[in-house]
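Take a look at the letters that make up each chain.
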Amino acid sequence: MKNRSATPWKKSRTYGDIHGGRTRRRFTDNIVARAHSLQRPGPGDALPLLLQDNPSRDFFFPVSVQECAAALQALPASHGEGITHIWLRRRPERMTGLDAPLALFIYGSGVRVIVRNPWRVDGRLYVGRKKPKSQHVAPYLRFGAKLISEHGRWYAAFSAADLKRFYLEHLFCHEVGHHVDWYSRHWSSANARQVEEFADQYAVQWGPFTKVVSQLPYSGGDADGDLGSTASPAST
């Protein structure tokens, strides 16, 4: 069996299947259709395949792809069964603004992928020009983020340690929850609200099991210990 780090991979043709996962920062997201272009694993590949792109200059990954794999191993084995890829993906230029995805679960054509997008290097997440309602930012605040306002814009600002916990315990586990829900109940877009509630509840219940990983020293990209202390907001 091939070692994960040595497993070759490449982008293949576009399959055009449905993607599911966290797509809106207001935590009222729906399952949306997007195209993916990953080649299905071979019979001898060790799963999940671990893919990590180089983020653009203004973004970084708060965790490594190996830490995501370790978080998956901390969950019950059956929950991660069938996940073929964990992909820390470079942020596409079109993914900007308030509705840019934070993470995605992609399925179909022989692949089941958890995609994680990079974070702004100042540790801030833009949440709108008006002060957000408490229910829209509650998950951020639960992981230690502080609401700040600068130049007419509101941000949820994380420290490096809190961002790592949020990235693994909430965002990553939320997408694992979509995987578990899809292959146990086969949801559809007709009950998108219930789908998101299930994934959120999964993260609340099982996210603490990944603390052994999120409490390790920071090992992602370049960032200071206090991400939002001196940096000015980057463009969204």
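Computed from a prediction, not measured in an experiment: that's the story for all the values here.

Draft legend 1. Spotlight on the pattern of salt bridges. This structure, assessed with the given rule, holds six salt bridges. Taking the shortest distance from any N to any O, the salt bridge between Asp122 and Arg120 comes out at 2.7 Å. Comparing Asp122 with Arg120 shows no difference in burial state: the two are buried. Arg165 serves as the salt-bridge partner of Glu169, at 3.2 Å between the closest nitrogen and oxygen.

Draft legend 2. Region of interest: unusual backbone geometry. Put simply, Leu47 and Pro48 share a cis peptide bond, and its omega is 0°. Inspection of the secondary structure puts Pro48 in the loop between β1 (19–20) and β2 (49–52). The backbone phi angle of Ser109 is positive, close to 55°, even though this residue is not glycine. Relative to the assigned elements, Ser109 resides in the loop between β5 (103–108) and β6 (111–116). In this structure Ser109 comes out as partly exposed when scored by relative accessible area, which is 25%. For His151, which is not a glycine, the phi torsion comes out positive at approximately 55°. With respect to the helices, strands and loops of the structure, His151 is situated in the loop between β9 (146–150) and β10 (153–157). Of the residues examined, His151 reaches a relative accessible area of 75% and is grouped as exposed.

Draft legend 3. Looking closely at helix α4 (residues 160–185). Compared with an ideal rise of 1.5 Å per residue, which puts 26 residues at 38 Å, α4 spans 36 Å between its outermost C-alpha atoms and is within 8% of the ideal. At Tyr167, α4 shows its maximal kink, close to 30°. Of all 26 residues making up α4, 20 are buried, and the element is well covered by its neighbours.

Draft legend 4. Expanded view of the nonpolar core. If you look at the biggest cluster of nonpolar residues, it comprises 38 residues, and the most contacted ones within it are Ile86, Trp119, Tyr140, Phe158, Phe166, Phe172 and Val176. Of all the secondary structure elements, the ones that give two or more residues to this core are α1 (65–74), β4 (85–88), β8 (124–128), α3 (134–142), β10, α4 and α5 (192–206). Among the elements that line this core, the one with the most residues is α4, at nine residues. Grouped together as the second largest cluster of nonpolar side chains are eight residues, Leu104, Ile106, Val113 and Val115 included.

Reading the values: rules and limits
- Residues numbered from 1 in each chain as written.
- Predicted model: local features only at pLDDT ≥ 70, side-chain atom pairs only at ≥ 80, totals over all residues.
- Heavy atoms only, no water.
- Salt bridge = Lys/Arg side-chain N within 4 Å of Asp/Glu carboxyl O.
- Buried < 20%, exposed > 50% of the residue type's maximum accessible area, 1.4 Å probe, protein only.
- Helix = DSSP H or I, 4+ residues; strand = E, 2+ residues; numbered from the N terminus.
- Expected span 1.5 Å × (residues − 1).
- Bend = angle between axes of the 7 residues up to and from the residue.
- Core = buried A, V, L, I, M, F, W, Y, C linked by side-chain atoms within 4.5 Å.

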